[in-house]
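Read off the chains here:
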Amino acid sequence: MIKMMGAVLLVISTTGFGLWKANFYAARNKELEDLISALQLLETEISYSVTPLPDALHRIGSRLAGRMGVFLQNAGDELLQGDGRSAGQIFSDQLERSRTMIHLREQDLEILRTFGHTLGSSDRSDQLKHIRLANSRLMAEAQNARDEKERLGKMWRYLGALTGLAGVIIIY
Amino acid sequence: MLPMHPHPTNENVLSEQILPYLAPAIRAIIHRAPLSIRSNAEEIRLREGKPLQIYTHAGDHYLDSQGIPVQLESTGYRVSSEEIAQTIRLLTRSSLYALEEELRRGYLTIAGGHRIGLAGRAVLSPEGSIQTLKHIAYLNIRIARDIQGVANPIKKYLVSSDTRLHNTLIISPPQCGKTTLLRDLARQISSGQLHPRIPGLKVGIVDERSELAGSVDGVPQLAVGFRTDVMDACPKAEGMFMLIRSMSPHVLITDEIGREDDRNAILEAVHAGVAILTSAHGYDLAEVKNRPVIRSLFEQKVFGRYLVLSRKNGPATLESVYDKEGVSLFQRGDGPG
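Numbering of residues starts from 1 in each chain and follows the order in which that chain's sequence is written. Labels follow written order: the first chain is A, the first ligand is 1, and so on. Note on the predicted model: pLDDT of at least 70 is required for a residue's local features to be given, and 80 or more for side-chain atom pairs to be given and counted; whole-chain, interface and lining totals, by contrast, use all residues. Only hydrogens and water are removed before side-chain values are computed, so all heavy atoms of the structure are retained for them.

A. Molecular detail of the overall build of chain A. Numbering goes from the N terminus for both helices and strands, where a helix is a DSSP run of H or I of at least four residues and a strand is a run of E of at least two. Within chain A, the regular secondary structure consists of 6 helices and 0 strands. Overall, chain A shows an N-to-C arrangement of helices and strands of α-α-α-α-α-α. What the globule rule says is 2.2 Å times the number of residues to the power 0.38, and the radius of gyration is computed from C-alpha atoms. The globule rule puts the C-alpha radius of gyration for 172 residues at 16 Å, and the 21 Å found for chain A is more than 25% above it. By residue count, 42% of the 172 residues in chain A fall in the buried class. Considering only contacts within chain A whose residues lie at least 6 apart along the sequence, 66% involve residues at least 24 apart. Burial classes: relative accessible area under 20% of the type maximum marks a residue as buried, over 50% as exposed, and values in between as partly exposed (1.4 Å probe, protein chains only). In what follows, a contact means two residues having at least one pair of non-hydrogen atoms within 4.5 Å.

Laid out in structure tokens, this is it:
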């Protein structure tokens, strides 16, 4: 009986671990895709409605679910506080603070920091160029993340469950 | 004439409406400056790599890193390029792209009606007109003063014996308070305080440089009266035509005339029975009369009064008043007051 319960627990925990690992890949992909749609919204805000940056970030952030929405909203709020930091510095600080809660990798963060550095400090056509550049870089990363999600995510899901089953076989 | 001690709230204006827009380091320095400087400040000058400077009506001062006014440039606090960049971010809410029109004009207006002049490197469009400014390295923060009642001493010259408003040209060098005076006149005419027998009149202001009403998003930040319509950031001549057609003003107020179009618009307004209050840069009637536009207006006797201002006894000191023939009605004595 106890052996039976142990076996069930083993399968549940290894499967859970596998799903948790797999979720990493899915979450990074989701965050990158959120960022891409956020930048597309930002492009519209800047080129058509010429919304000031703090309002634009806040508005876009409130439309996005998840971590990236919170990130953009916080960045917009901090810009309004008026200590003279640039959007780039605020992005860096925000990302540093929420480092443990987001799934983006260093190369993704680097894109955001570089982009933040140019944000709001030049005229409209220049801003649009930078947004498009950042967006195409993010899209490349998103493609990469999608591949990993497919390959490694699937692998971890199977690996978790199978490891549990293998353990059960060894126990019996 | 004018209160020599400026408005008591001027210090609050500085700390509440101006300082939040400055880089934190500069904010702290000005915050520590003596009260006499803070409450008399007219301009704050930031120049990259140069000492921080404050102009009051008594003269200019450099501030050192402790906020103490000094006369020697070498002891003044040097403004860094990062501080300029921070200030620009705060002024533009990190949205330089939203201010293309302002950059083309070289200034922006912030809440409270204060004007920030910008200078840097101009970027030209292929047609040769100014497209935008880059590398902004010079900032001039002009603190708008809303001195209500500044027009009181001159009111009596504006009203004719049959209680009609004279068309009036205010002649003054820069920084002598002509805009402040026009604004107070707008407020008083609009609220019926100008003359006991003149009720409140409809006033139209054409505010080409957003200085008279200090509008932000079209809303005046300074008191211009309740019967006043403001056409903000609009070329003077066109704005005057538009207001005459659409808002039926009794009085049109505009700042700094000088172009041919302005003259035509003024003639049009006068023929439509609208009184005109306006101003021109200059030191005396004889000098501004040499300008073709003003000479022709003078010869046609469009203006009933010419007021000449100086800042001998503080801003908006009335130097002299002339009637439509150029005959002097008032000359300030050289003694005090």
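Okay, back to it.
B. Broad picture of the pattern of salt bridges. Whenever a carboxyl oxygen of Asp or Glu lies within 4 Å of a side-chain nitrogen of Lys or Arg, that contact is scored as a salt bridge. If you walk through the whole model with that rule in mind, you get 33 salt bridges over all chains. Among the ionic pairs, Arg93(B) bridges to Asp55(A), the shortest N-O distance being 3.2 Å. In this pair, Arg93(B) sits in the loop between helix 4 (81-92) and helix 5 (100-105) while Asp55(A) sits in helix 2 (residues 53-63), so the two residues belong to two different chains. For Arg93(B), a relative accessible area of 32% puts it in the partly exposed group. Through salt bridges with shared partners, a single ionic network connects Arg115(B), Arg142(B), Lys178(B), Arg209(B), Glu211(B) and Glu256(B).

C. Structural detail: helix 11 (residues 292-299) of chain B. Residues and elements named next belong to chain B. If you check which residues of helix 11 are buried, you get Val 293, Ile 294, Ser 296, Leu 297 and Phe 298. Buried residues along helix 11 sit against strand 8 (168-172), helix 9 (260-271), strand 12 (275-281), helix 10 (285-288) and strand 13 (305-310). In the stretch just after helix 11, Lys 301 is the one whose phi turns positive, near 55°.

D. Seen up close, the environment of Gly112(B). Residues and elements named next belong to chain B. Of note, Gly 112 is situated in the loop between strand 5 (107-110) and strand 6 (114-124). C-alpha separation for the pair Gly 112 and Val 13, spaced 99 residues apart in sequence, amounts to 8.2 Å. Every residue in contact with Gly 112, bar those within four places of it in the chain, is listed here: Gln 17, Ala 144, Gln 221 and Leu 222.

E. Inspection of a nonpolar patch on the surface at higher detail. Among the surface-exposed residues, Met4(A), Ile171(A) and Tyr172(A) lie close enough to one another that they form a single nonpolar patch of about 320 Å² accessible area. With respect to the helices and strands, Met4(A) occurs in helix 1 (residues 2-49). Distance thresholds for patches are 9 Å for like charges and 5 Å for nonpolar side chains (Val, Leu, Ile, Met, Phe, Trp, Tyr), applied to residues having over 30% relative accessible area and no salt bridge. Working definition of accessibility: Shrake-Rupley area with a 1.4 Å probe, residue cover restricted to the visible protein chains.

F. Local environment of the nonpolar core. Within this scheme, the nonpolar core is defined by two criteria: the residues are buried Ala, Val, Leu, Ile, Met, Phe, Trp, Tyr or Cys, and they are joined through side-chain atoms within 4.5 Å. Ranked by size, the top nonpolar core spans 35 residues in total, and within it Leu42(A), Leu53(A), Leu57(A) and Phe115(A) carry the most contacts. Of all the secondary structure elements, the ones that give two or more residues to this core are helix 1, helix 2, helix 3 (67-81), helix 4 (87-97), helix 5 (106-118) and helix 6 (124-171) of chain A. Among the elements that line this core, the one with the most residues is helix 1 of chain A, at 7 residues. Aside from chain neighbours lying at most four places away, what touches Leu53(A) is Leu42(A), Leu79(A), Ala87(A), Leu119(A), Gly120(A), Arg93(B), Ser94(B), Ser95(B) and Tyr97(B).

G. View of the interface of chain B and chain A. At the interface, 13 residues of chain B touch 21 residues of chain A. A simple way to read buried area is as the amount of 1.4 Å-probe accessible surface that goes missing from two parts once joined, with both sides added. Both faces combined, the contact of chain B with chain A buries some 1,400 Å², and carbon together with sulfur accounts for 53% of it. Among the residues of chain B in contact with chain A, Arg93(B), Ser94(B) and Tyr97(B) are the three that bury the most area, contributing 48% of the side total. In the analysis that follows, any N or O atom pair within 3.5 Å is treated as a polar contact, provided that within protein one partner can donate a hydrogen and the other can accept it, and provided that, for residues neighboring in sequence, both atoms belong to side chains. Our enumeration of links across chain B and chain A arrives at 7 residue pairs in polar contact (both at pLDDT 80 or more). Of all the secondary structure elements, the ones that give two or more residues to the side of chain B that touches chain A are helix 2 (24-32) and helix 4 of chain B. The greatest single-element share of the side of chain B that touches chain A, amounting to 3 residues, is contributed by helix 4 of chain B. Side-chain classes follow a simple rule in which Ala, Val, Leu, Ile, Met, Phe, Trp, Tyr, Cys and Pro form the nonpolar group, Asp, Glu, Lys and Arg form the charged group, and the remainder, Gly included, forms the polar group. Considering only residue class, the side of chain B that touches chain A consists of 5 nonpolar, 4 polar and 4 charged.

H. Looking closely at the sheet that holds strand 13 of chain B. Residues and elements named next belong to chain B. For two strands to count as paired, DSSP must find a minimum of two bridges between them. If you trace the 8 strands from one edge of the open sheet to the other, you get 10-9-11-12-8-13-14-15, paired in mixed fashion. Edge strands, defined here as strands with exactly one partner in the open sheet, are strand 10 (228-232) and strand 15 (328-331). Between one strand and the next, the sheet's axes are offset by a mean angle of 15°, whatever the strand orientation. Looking at chain direction, strand 13 and strand 14 (residues 317-323) are connected through 6 bridges and run antiparallel. Bridging across to strand 14, Val 308 finds its partner in Ser 320. Fitted lines through C-alpha atoms serve as axes, helices being fitted only where they are in contact, and the angles separating the N-to-C directions of these axes extend from 0 to 180 degrees.

I. Geometry of the domain arrangement of chain B. Residue and element names in this part refer to chain B. If you check the domain split of chain B, you get domain 1 (10-142) and domain 2 (152-331). Contact with domain 1, which involves 12 residues of that partner, is made by 13 residues of domain 2. Taken over both partners, the interface formed by domain 1 and domain 2 buries close to 950 Å², and the fraction arising from carbon and sulfur atoms is 39%. Here Glu 211 ties to Arg 115 by a salt bridge, and the two come within 3.5 Å at their closest N and O atoms. Domain ranges listed in this record stem from an automatic or a database domain assignment.

J. Focus on the packing of helix 8 (residues 236-247) of chain B against helix 9 of chain B. Residue and element names in this part refer to chain B. Where helix 8 meets helix 9, the axes come as close as 8 Å, and the angle between the chain directions of the two elements is 20°. The orientation of helix 8 relative to helix 9 falls into the category roughly parallel. As for the relative orientation of helix 8 and helix 9, their crossing is left-handed in sense. Contacts between helix 8 and helix 9 pair Lys 236, Ala 237, Met 240, Phe 241 and Ile 244 from the former with Asp 261, Asp 262, Asn 264, Ala 265, Ile 266, Glu 268 and Ala 269 from the latter. Residue composition of the contact of helix 8 with helix 9, grouped by class: 7 nonpolar, 1 polar and 4 charged. Should an angle fall under 35 degrees it is called roughly parallel, over 145 degrees roughly antiparallel, and 65 to 115 degrees roughly perpendicular, with every other angle called oblique. Working rule for handedness: look at the near helix, and if it is turned counterclockwise from the far one by less than a right angle, call the crossing left-handed; if clockwise, right-handed.

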